[in-house]
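# Descriptive structure summary
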Amino acid sequence: MVLTPTGLRFADLTWPCVIGRGGVRADKREGDGATPAGTHRIVGMLYRPDRMAQPTDWAVPIGNTDLWSDDVTDADYNLMVRAPYAGSHERLRRADPLYDLVILTDWNWPYAERGRGSAIFLHRWRRPGFPTAGCIAFRPDHLRRIAGLIEYDTRLIVPEALDGLGATGGRAQRGD
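Scoring rules and cut-offs
Residues numbered from 1 in each chain as written. Predicted model: local features only at pLDDT ≥ 70, side-chain atom pairs only at ≥ 80, totals over all residues. Heavy atoms only, no water. Helix = DSSP H or I, 4+ residues; strand = E, 2+ residues; numbered from the N terminus. Rg over C-alpha atoms; globule rule 2.2 N^0.38 Å. Buried < 20%, exposed > 50% of the residue type's maximum accessible area, 1.4 Å probe, protein only. Contact = heavy atoms within 4.5 Å. Lys, Arg positive; Asp, Glu negative; His and termini not counted. Charge placed at Lys NZ, Arg CZ, Asp CG, Glu CD. Pairing = 2+ DSSP bridges. Axes fitted to C-alpha atoms, helices over the stretch in contact; angles between N-to-C directions. Disulfide = S-S within 2.5 Å. Core = buried A, V, L, I, M, F, W, Y, C linked by side-chain atoms within 4.5 Å. Polar contact = N/O pair within 3.5 Å; in protein donor to acceptor, adjacent residues only side chain to side chain. pLDDT = per-residue confidence, 0-100. Phe/Tyr/Trp six-rings, centres within 6.5 Å; stacked < 30°, edge-to-face > 60°. Lys NZ or Arg CZ within 6 Å of the ring centre and 35° of its normal.

## Focus: the overall build of the protein
Across its full length, the protein carries one helix and 16 strands. Taken over C-alpha atoms, the radius of gyration comes to 15 Å for the protein, in line with the 16 Å a tight globule of 176 residues would show. With respect to the three principal axes, the spread of C-alpha positions in the protein is 40 × 35 × 30 Å. The buried share of the protein, taken over its 176 residues, is 48%. Counted over contacts in the protein with a minimum sequence separation of 6, partners at least 24 positions apart contribute 64%. Seen as two clouds, the 23 positive and the 22 negative side-chain charges of the protein have centres 5 Å apart.

## A look at the sheet that holds strand S9 (residues 66-69)
If you walk across this open sheet you meet the three strands as S10-S9-S11, and the pairing is antiparallel. Looking at strand neighbours, the two that pair on one side only are strand S10 (80-82) and strand S11 (89-91), the edges of this open sheet. This sheet shows a mean twist of 40 degrees between the axes of neighbouring strands, independent of strand direction.

## Topic: the state of the cysteines
Taken as a whole and judged by the stated rule, the model has zero disulfides. This cysteine, Cys17, is not joined by any disulfide, and Cys135 carries the nearest cysteine sulfur, 12 Å off. Assessed through its relative accessible area of 6%, Cys135 is described here as buried.

## Looking at the nonpolar core
Residues Met1, Ile103 and Phe138 are the most contacted members of the largest nonpolar core, which totals 26 residues. Contributing elements (two or more residues each) for this core: strand S2 (7-10), strand S4 (17-20), strand S7 (38-47), strand S12 (101-105), strand S14 (136-138), helix H1 (140-149) and strand S15 (155-158). What Phe138 contacts, discounting residues up to four positions off in sequence, is Leu8, Trp15, Pro16, Cys17, Leu122, His123, Arg124, Trp125, Leu143 and Ile146. In this structure, Ile62, Trp68, Leu92 and Tyr99 belong to the second largest nonpolar core, which totals 11 residues.

## Focus: the environment of Arg114
Following the sequence through the fold, Arg114 ends up in the loop between S12 and strand S13 (121-124). In this structure, the C-alpha to C-alpha distance between Arg114 and Met52, residues 62 residues apart in sequence, is 34 Å. When residues no more than four places from it in sequence are discounted, the contact partners of Arg114 are Arg29, Val72, Thr73, Asp74, Ala75 and Tyr77. From its side chain, Arg114 meets the backbone oxygen of Val72 in a polar contact 2.8 Å long.

## Remarks on the confidence of the model for the protein
Summarising the model, the protein shows a mean pLDDT of 92, and 93% of its residues fall at 70 or more. Scored below 50 in pLDDT, residues 167-171 makes 11 contacts in the model with residues more than four places away or belonging to other chains.

## Focus: the side chain of Arg48
Tracing the backbone through its elements, the reader meets Arg48 in the loop between S7 and strand S8 (60-61). Judged by its relative accessible area of 5%, Arg48 is buried. Non-local contacts of Arg48, meaning those with residues more than four positions away in its chain, are made with Ile62, Arg93, Arg94, Tyr99 and Asp100.

## What about the packing of aromatic side chains?
What the rule picks out here adds up to two aromatic pairs. Aromatic side chains Tyr99 and Phe121 sit 5.5 Å apart centroid to centroid with 80 degrees between the ring planes, which places their arrangement in the edge-to-face category. Pair noted here: Tyr99 is in the loop between S11 and S12 and Phe121 is in strand S13, with a separation of 22 residues, a long-range link. Taking relative accessible area as the criterion, Tyr99 reaches 5% and is therefore assigned buried. Since its relative accessible area comes to 1%, Phe121 is described here as buried. Among the aromatic side chains, those forming a connected cluster through ring pairs are Trp68, Tyr99 and Phe121. Sitting over the face of the ring of Tyr99, Arg94 holds its NZ or CZ atom 4.9 Å from the ring centroid.

So, in structure tokens, the structure goes:
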């Protein structure tokens with residue numbers, strides 16, 4: 001998988017996507033809204049079993065109490081945690097469909113450097129051209145197809161040459 005100015009190139013196709021509202025950054029920081037440059041391993045997949053069938057045999061269901069810590073002061077920063085959890089976090093089981101299918105990358109994981117940014121996911125987009133908080137987002141049907149094509153050695157490459165990438169007419173667009 002390689003992010004390009006026209007989308008994500010993977011499996012001989014270019015998939016339209018949106019990126020973080022902060023564009024691509026080589027110096028990613030918590031809260032900057034940027035998609036981090038680098039080579040990122042795919043380390044997991046989560047899905048909503050009440051909304052879809054298991055997309056791969058290695059996908060893990062999202063439970064009612066599953067959260068993701070984005071609290072830089074907590075020892076569990078940038079890890080999946082369970083409610084009740086007092087620190088700052090994101091709910092993985094959302095009312096909207098954005099996280100019905102989540103592909104996890106190893107950005108700043110498993111040993112997080114505080115303040116470097118948490119959780120870069122591949123997930124569903126809100127709509128074309130609407131940026132994310134740093135993740136890469138896709139049309140729902142494209143995301144499902146991508147999920148089924150991922151193999152053990154699949155990597156997400158966000159070239160440092162894209163540092164500062166912005167909107168490009170509906171393809172790889174800054175978003176959220």
